[in-house]
Amino acid sequence: MGNFSTTSDDILRCATTLIIAGGYNGFSYADIAEVVGIRKASIHHHFPAKSDLVRTLVARYREEAEAGIAALEREVTEPAAQLSAYAGYWRACIVDDSEPFCVCALLASQIPVLPEDVVVEVRAHFRTLSRWLASVLRRGGEQGAFMLSGSAEEEAEVFMATVHGAMLSARAYGDPAMFGSIIDPLLLRLGARG
């Protein structure tokens, strides 16, 4: 990954916040310029088009997510604890409002209106997350830690969809506790928590 200037980092952070608040079409370079305190021309210097900005944002988000997964793999060895830690990460983000929604999940809901290069990055995030979850579920199933009702790949898709749906419900109800109300029964069913 190339080195980003402080201005680029500020632009990307601001864009992330604006996307989480209003989606791809819910912000403009004028909005970013106002928040960051720069001219629109400065944003265009770093990111000539909005699609360049959002593609870069999603690519960086993917790298950070992959680094987080790698760290989780190193620090937590038991599959059940890994699923609980992953869900716990999102629970904490939703409760403290630091990252109340997965940027890629939000953008996935807008795929029909996204530029193709952004769609490619969003889909890559989902594929990576799905592969990791399947590997955790497979290991846990083989170790007898999980009771899988389908293949590890099917269960990974269910788990991923449940986490993202729980984020959506927490947002829809304006209640961060809704996330746990939805994800905890799935963790219990799998045997990941109890």
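Residues numbered from 1 in each chain as written. Predicted model: local features only at pLDDT ≥ 70, side-chain atom pairs only at ≥ 80, totals over all residues. Heavy atoms only, no water.

With respect to the nonpolar core
Counting 59 residues, the largest nonpolar core has I32, L53, L83, W90, L107, F159 and F179 as the members making the most contacts within it. When contributions to this core are tallied by element, the ones reaching two or more residues are α1 (6-22), α2 (29-36), α4 (50-75), α5 (79-95), α6 (103-108), α7 (116-142), α8 (152-173) and α9 (177-190). For this core, the leading source of residues is α7, giving 9 residues. Aside from chain neighbours lying at most four places away, what touches F159 is L83, Y86, L133, I183, L186, L187 and L190. (Core = buried A, V, L, I, M, F, W, Y, C linked by side-chain atoms within 4.5 Å. Buried < 20%, exposed > 50% of the residue type's maximum accessible area, 1.4 Å probe, protein only. Helix = DSSP H or I, 4+ residues; strand = E, 2+ residues; numbered from the N terminus. Contact = heavy atoms within 4.5 Å.)

Details of the environment of L106
For L106, the location among the structural elements is in helix α6. As a C-alpha pair, L106 and F47 span 59 residues in sequence and 21 Å in three-dimensional space. Every residue in contact with L106, bar those within four places of it in the chain, is listed here: I19, I20, G23, F101 and R171.

Let's talk about the confidence of the model for the chain
Across the chain, the average pLDDT comes to 94, with 96% of residues at or above 70. Least confident of the elements in the chain is α1, whose mean pLDDT is 94; most confident is α7, at 97. (pLDDT = per-residue confidence, 0-100.)

Looking at α5
Compared with an ideal rise of 1.5 Å per residue, which puts 17 residues at 24 Å, α5 spans 24 Å between its outermost C-alpha atoms and is within 8% of the ideal. Along α5, the residues classified as buried are P79, A80, Q82, L83, Y86, A87, W90, C93 and I94. In the segment just after α5, D97 is the residue with positive phi, at about 60 degrees. (Expected span 1.5 Å × (residues − 1).)

Observations concerning the pattern of salt bridges
Pairing of side chains with opposite charge becomes possible as their charged atoms draw close. Inspection of the entire model under this criterion finds 10 salt bridges. Across the pair E121 and R62 runs a salt bridge whose closest N-O atoms are separated by 2.7 Å. In this pair, E121 is assigned in helix α7 and R62 in helix α4, connecting sequence segments 59 residues apart. By the burial criterion, E121 is buried, and R62 matches it. R91 is the salt-bridge partner of D184, the closest N and O atoms lying 2.7 Å from each other. Of this pair, D184 sits in helix α9 while R91 sits in helix α5, and the two are 93 residues apart along the sequence. A relative accessible area of 21% means that R91 is categorised as partly exposed. Through salt bridges with shared partners, a single network forms among D52, R55 and D117. (Salt bridge = Lys/Arg side-chain N within 4 Å of Asp/Glu carboxyl O.)

Considering the packing of α5 against α9
For any two helices packed against each other, one specifies the crossing angle of their axes together with the interaxial distance. At a minimum axis distance of 11 Å, the contact between α5 and α9 shows a crossing angle of 175 degrees. When the axes of α5 and α9 are compared, the pair comes out roughly antiparallel. Only F179, G180, I183, D184, L187 and L190 of α9 make contact with α5, whose side of the interface consists of L83, S84, A87, W90, R91 and I94. (Axes fitted to C-alpha atoms, helices over the stretch in contact; angles between N-to-C directions. Parallel < 35°, antiparallel > 145°, perpendicular 65-115°, else oblique.)

Considerations on the packing of aromatic side chains
All chains considered together, the criterion is met by 3 aromatic pairs. A centroid spacing of 5.1 Å and a plane angle of 80 degrees characterise the contact between Y89 and W90, whose relative ring orientation is edge-to-face. In this structure an aromatic cluster arises from ring pairing among Y86, W132 and F159. Sitting over the ring of F27, K50 keeps its end group 4.3 Å from the ring centre. (Phe/Tyr/Trp six-rings, centres within 6.5 Å; stacked < 30°, edge-to-face > 60°. Lys NZ or Arg CZ within 6 Å of the ring centre and 35° of its normal.)

Observations regarding the side chain of E121
Given the relative accessible area of 16%, E121 is considered buried. Discounting residues that sit within four places of it in the chain, E121 has contacts with R55, V58, A59 and R62.

What to know about the packing of α1 against α2
For the pair α1 and α2, interaxial distance at closest approach is 10 Å and the crossing angle is 120 degrees. One way to sum up the angle between α1 and α2 is to call them oblique. Seen along the crossing, α1 lies across α2 with a hand that is right-handed. Here D10, I11, C14, A15 and L18 of α1 come into contact with α2, specifically with D31, I32, V35 and V36. For the contact of α1 with α2, the per-class residue count stands at 7 nonpolar, no polar and 2 charged. (Left-handed = near helix turned anticlockwise from the far one by under 90°. Nonpolar A, V, L, I, M, F, W, Y, C, P; charged D, E, K, R; others polar.)

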